[in-house]
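# Close look at the chain arrangement
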Amino acid sequence: MLFNSLEFLIFFPVVTLGYFVIPKKLKNFWLLVTSYYFYMCWQPAYALLILFSTITTFLCSVAIDKAKLKAAKKTCLTVSICINLAILFLFKYYGFFSENVVNLFGKIGIEVNMPVFDLLLPVGISFYTFQALGYAIDVYRGDVEREKSFITYALFVSFFPQLVAGPIERSKNLLPQFKQYSKFDYARVREGLVLMAWGFFKKMVIADGVASFVTLVYNTPSNYGGLQLVIATILFAFQVYCDFGGYSDIAIGCAKVLGFKLMRNFNKPYFSTTLQGYWRRWHVSLSSWFSDYVYIPLGGSRKGTVRTYINLLITFLVSGLWHGANWTFVFWGLINGIYVCVSRAMRPARTRFIEKHKLQNNILYNSFSALVVFLLICFGYIFFRANTFSDAMYITTHLFSDFGSWFGSGYLTAQLTGITFFTKNGVALVCSIVFMLAAELWEGKDELSAKICRQKAPIRWVFYYAIVLLVLFYGNFGKSPFVYFDF
């Protein structure tokens, strides 16, 4: 079931009404049943995978809690990690692994036959697997007490707003909330609904609006000139942000209506003035997950400069592989790892330069820095979006192949003629992107929905009508899936 579907517009009010009217002792069970129904609307049989992962991590956490020796606790944790990662490997990475093994041995003249499994990638498997593993690791570390109620824990793993694309919640944040039952609160519900509307706008108007052009260019990049490749790459940056950021807004808004607070997953990432700052603002739940459960256990920055850079590169490579079983994603992770390493190495010099010229609050300098970071991120997105590694290499080598003609008479018009994005809703979509960025600047440190709801009635209603009209007139109602469902 997609958030941007008629089914969800029926499902969510029913779930919300049921949650607020049924007795307290049944509330978690109600959310658990409806969450499994939500997931089973895609592929009913794959709900068994969530259940199996839930049972495995729950039982292992019980064993970890009861074990007296540290070695026994570690064994239980290892079992939990291995079982869950084995499932993830089978469904998501086995095809990639077997193909590369066959190709590798083929190059040295050895024929290898690997078993073939025709398996559909379960929606959101990477998200709920990491959430369950994070809980088991937290219990092992003693960061949280193991959950005694299986119903409560099962709900933590499968809570429908963030089940298939996050945020990847931490047990210490979300689990306690399932034991604190919130009453209906008009102000909270209004904020949640406004945040959901904002998410629908980002997804249905901006992300889906630019998707057709991006897909057209990236599916056959050799058919397009450098300027078109550049525009498609920049638009993809907004597509993936508004698609995934829109999902997160809807998920957080849904949870807020029900009385739950999910962690903020995006914090104006395209306004970041450093690459390290960007990764503290982009997909925060995943970035912090890799930091806590991969980077820090590897040694973090505690074992010297060289080891720090190695740990960063490993973390980003794993992050790239998490996004997809393709060398393009691995290379995307490597590029961003190199970015962060270089940014970290340059930090002392950059700090001295800023202090010397008193640029801490200089708008022009900060704007230029944000633009540079954005363009570097866009370059990495070429490998994230390209269908094959060869396509990615073609795009990177042809971005500016005809740069000398960009400013020639009639060149721009000729390049954009016939492209639906520019001939149909191009102006409205560009204005929508500008509107979104302006709203994020105005938002400041607050959550946008909370700030809007604090405004006087005329300002609030102008915003409400603007969002509704933009969605109605320019939104895509074709049940377009979210980009991160594939991860």
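Anything mentioned here points back to the structure above.
Nothing here was measured: the structure is a model prediction, and the numbers come from that model.

The rules behind these values
- Residues numbered from 1 in each chain as written.
- Predicted model: local features only at pLDDT ≥ 70, side-chain atom pairs only at ≥ 80, totals over all residues.
- Heavy atoms only, no water.
- Helix = DSSP H or I, 4+ residues; strand = E, 2+ residues; numbered from the N terminus.
- Rg over C-alpha atoms; globule rule 2.2 N^0.38 Å.
- Buried < 20%, exposed > 50% of the residue type's maximum accessible area, 1.4 Å probe, protein only.
- Contact = heavy atoms within 4.5 Å.
- Lys, Arg positive; Asp, Glu negative; His and termini not counted.
- Charge placed at Lys NZ, Arg CZ, Asp CG, Glu CD.
- Patch = residues over 30% accessible without salt bridge, like charges linked within 9 Å, V, L, I, M, F, W, Y side chains within 5 Å.
- Areas by Shrake-Rupley, 256 points an atom, 1.4 Å probe, with all protein chains shown as cover.
- Salt bridge = Lys/Arg side-chain N within 4 Å of Asp/Glu carboxyl O.
- Expected span 1.5 Å × (residues − 1).
- Axes fitted to C-alpha atoms, helices over the stretch in contact; angles between N-to-C directions.
- Left-handed = near helix turned anticlockwise from the far one by under 90°.
- Nonpolar A, V, L, I, M, F, W, Y, C, P; charged D, E, K, R; others polar.
- Phe/Tyr/Trp six-rings, centres within 6.5 Å; stacked < 30°, edge-to-face > 60°.
- Lys NZ or Arg CZ within 6 Å of the ring centre and 35° of its normal.

## Brief notes about the overall build of the protein chain
Scanning the protein chain for helices and strands turns up 20 helices and zero strands. Taken against the 2.2 N^0.38 rule, which gives 23 Å for 487 residues, the C-alpha radius of gyration of the protein chain at 24 Å falls within 12% of a compact globule. Dimensions of the protein chain along its principal axes, counting C-alpha atoms only, are 75 × 70 × 55 Å. Classification of the 487 residues of the protein chain by burial places 53% in the buried group. Considering only intrachain contacts with a sequence separation of at least 6, the fraction spanning at least 24 residues in the protein chain is 74%. Distance from the positive charge centre (44 side chains) to the negative charge centre (24 side chains) of the protein chain: 9 Å.

## Let's talk about a nonpolar patch on the surface
On the surface, Trp 461, Tyr 465, Val 468, Leu 469, Leu 472, Phe 473, Tyr 474 and Phe 477 cluster together into a nonpolar patch covering about 910 Å² of accessible area. Relative to the elements of secondary structure, Trp 461 occurs in helix H20 (residues 457–474). A relative accessible area of 46% means that Trp 461 is categorised as partly exposed.

## Regarding helix H5 (residues 125–141)
An α-helix turns once every 3.6 residues. As a result, residues three or four positions apart point the same way. Taking 1.5 Å of rise per residue, 17 residues should cover 24 Å, and H5 covers 24 Å from first to last C-alpha, within 8% of that figure. Across the 17 residues of H5, 15 count as buried, placing the element largely inside the fold. Immediately downstream of H5, the backbone of Gly 142 shows phi near 85 degrees, a positive value.

## Brief notes about the packing of helix H8 (residues 186–219) against helix H18 (residues 426–443)
Their axes nearest at 10 Å, the elements H8 and H18 cross at an angle of 140 degrees. As H8 runs across H18, the sense of the crossing is left-handed. Contacts from Trp 198, Phe 201, Lys 202, Val 205, Ile 206, Gly 209 and Val 210 of H8 reach H18 at Leu 429, Ser 432, Ile 433, Phe 435, Met 436, Ala 439 and Glu 440. Across the contact of H8 with H18, the residue classes tally to ten nonpolar, two polar and two charged.

## A closer look at the packing of aromatic side chains
Counted by the stated rule, this structure contains 69 aromatic pairs. Here the aromatic rings of Phe 127 and Trp 322 are separated by 5.1 Å at their centres, their planes lie at 80 degrees, and the arrangement is edge-to-face. Remark: Trp 322 occurs in helix H12 (residues 305–323) and Phe 127 occurs in helix H5; sequence separation between them is 195 residues. By relative accessible area, Phe 127 is classed as buried at 2%. The interplanar angle of 25 degrees and the centroid separation of 6.1 Å between the aromatic rings of Tyr 270 and Trp 282 together place this pair among those described as stacked. Highlighted residues: Tyr 270 in the loop between helix H9 (226–258) and helix H10 (275–281) and Trp 282 in the loop between H10 and helix H11 (284–298), separated in sequence by twelve residues. In terms of burial, Tyr 270 and Trp 282 fall into one category: buried. The ring of Tyr 19 carries Lys 27 above its face, with NZ or CZ at 4.7 Å from the centroid. Seen from the ring of Trp 442, Lys 451 lies directly overhead, with NZ or CZ sitting 4.8 Å from the centre.

## Looking at the pattern of salt bridges
Pairs can form between side chains of opposite charge once their charged atoms are near each other. One pass over the structure, following the stated rule, counts nine salt bridges. The salt bridge involving Glu 147 is made with Lys 179; its shortest N-O contact spans 2.8 Å. Of this pair, Glu 147 sits in the loop between H5 and helix H6 (150–158) while Lys 179 sits in the loop between helix H7 (171–174) and H8, placing them 32 residues apart in sequence. Two residues, Asp 208 and Lys 203, come together in a salt bridge whose shortest N-O distance is 2.9 Å. Taken together, the shared-partner salt bridges in this structure form one network comprising Glu 191, Lys 256 and Glu 447.

Without other data, these values stay purely geometric and don't point to any function.
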